[in-house]
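Understanding the architecture of this molecule
Okay, here's what each chain looks like letter by letter:
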Amino acid sequence: MLIACCCFSTKLYAQIPRIPEASSTQTIIQDFGLGKVTITYSRPNVKDRKIFGGIIPYGEVWRTGANAATTITFTEKVIIEGNAVPAGTYSLFSIPNKNEWTIILNKVVKQWGAYSYKQDQDFLRFTIKPIHVSEKRETFTMAFVNSTTKSTDLVLVWDKTAAYIHMETDDDAKITANIDELMKGDRKPYYFNAIQYYYENNKDVDKALGWVYEAEKIEPKGPWYKLWESRLLLRKGDKAGAIAAAEAGIALAKADKDEEYERLNQEALDHAKE
């Protein structure tokens, strides 16, 4: 009986033979504001062919990849090239031309290629300018670059052409409310991120400094809070205070053999002395 069970188990979990796709599939996920952006697409190769204006004709709708149409999913509302886009999943089509691309978000997902594409199902169309790049990219690639808590760029690169799509979040009010709520309880786990968010988004300097001073009382040997103290004081115009905070941060970092924060506090010191 035991032998029979083992044989059954082996057959059950045996791999099913498969053949790889010529254009491999990739999924990329980017944290963005309070949500995420997920893109699934297939990646064709150049293979010594002329790409744009060749196998991808100018002026025709392209699946923005190979095989199934590319999909893009937003878990929160975003702003793409100035256009508000609700959370959801869309097909990402494009119409390449030599000097301008039309980018399309279509409401119908799970399409094979652009064969069943219908313009009346478009949610959004906008145009961007492609650029020439000197380094050839053999495999069609999508990537998120220049990413912050508030914005990111989706870059599409193939052969020697690149196109950038700018995205922004509209989460500031919600994030600020979340910070306020978290600060009502045990603040220790949230000081660093709250201070950083306020600094990077040019919010209330005095409020952020208040959190810095509270955090320093809890972690007096933390060079990271001296770094934020220096940056925030310099933003207020207190150069002397910024210099003193950075110098204290350098001393704390050296005592803890923390090379990263020694370097960061040194950069803050140099900036304060400019």
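One can find the structure itself at the top, above this paragraph.
Residues numbered from 1 in each chain as written. Predicted model: local features only at pLDDT ≥ 70, side-chain atom pairs only at ≥ 80, totals over all residues. Heavy atoms only, no water.

Let's shift gears to the layout of surface pockets. Approximately 370 Å³ is the volume attributed to the largest pocket. Together, 17 residues line the largest pocket, and Thr149, Ile175, Ile179, Asn193 and Tyr197 are the ones closest to its centre. Among the residues forming the lining of the largest pocket, the class breakdown is eight nonpolar, eight polar and one charged. Built from parts of two domains, the lining of the largest pocket gets at least three residues from each of domain 1 (25–169) and domain 2 (172–273). Of the voids in this model, the second largest pocket is the one considered here, and its volume is about 300 Å³. If you go around the second largest pocket, you meet 19 residues; those closest to its centre are Ile55, Ile56, Trp62, Arg63 and Gly65. The residue makeup of the lining of the second largest pocket, split by class, is 11 nonpolar, four polar and four charged. (1 Å grid on protein atoms, 1.4 Å probe; cavity = no way out; pocket = protein on both sides within 12 Å on 5 of 7 lines; lining within 4 Å. Points joined across faces, edges and corners; volume = space filled by probe spheres on them. Nonpolar A, V, L, I, M, F, W, Y, C, P; charged D, E, K, R; others polar. Domains from an automatic or database assignment.)

If you trace the backbone, Asn106 turns up in strand E7 (residues 101–106). Of the polar contacts made by the side chain of Asn106, one reaches the backbone nitrogen of Val108; its length is 3.0 Å. A polar contact is formed between the side chain of Asn106 and the side chain of Asp122, at a distance of 2.8 Å. Those residues in contact with Asn106 that lie beyond four places of it in its chain are Tyr90, Ser91, Phe93, Gln111, Tyr117, Lys118, Gln121, Asp122 and Phe123. (Helix = DSSP H or I, 4+ residues; strand = E, 2+ residues; numbered from the N terminus. Polar contact = N/O pair within 3.5 Å; in protein donor to acceptor, adjacent residues only side chain to side chain. Contact = heavy atoms within 4.5 Å.)

This part takes up the environment of Asp270. Here Asp270 shows up in helix H7 (residues 259–272). C-alpha separation for the pair Asp270 and Ile243, spaced 27 residues apart in sequence, amounts to 8.4 Å.

All right, on to helix H2 (residues 172–182) then. Of all the positions in H2, only Ile175, Thr176 and Ile179 are classed as buried. Down the axis, H2 shows its buried residues gathered within 100° of arc, on one side only. The inward-facing, buried residues of H2 contact helix H3 (191–200) and helix H4 (205–218). (Buried < 20%, exposed > 50% of the residue type's maximum accessible area, 1.4 Å probe, protein only. Arc of directions from axis to C-beta.)

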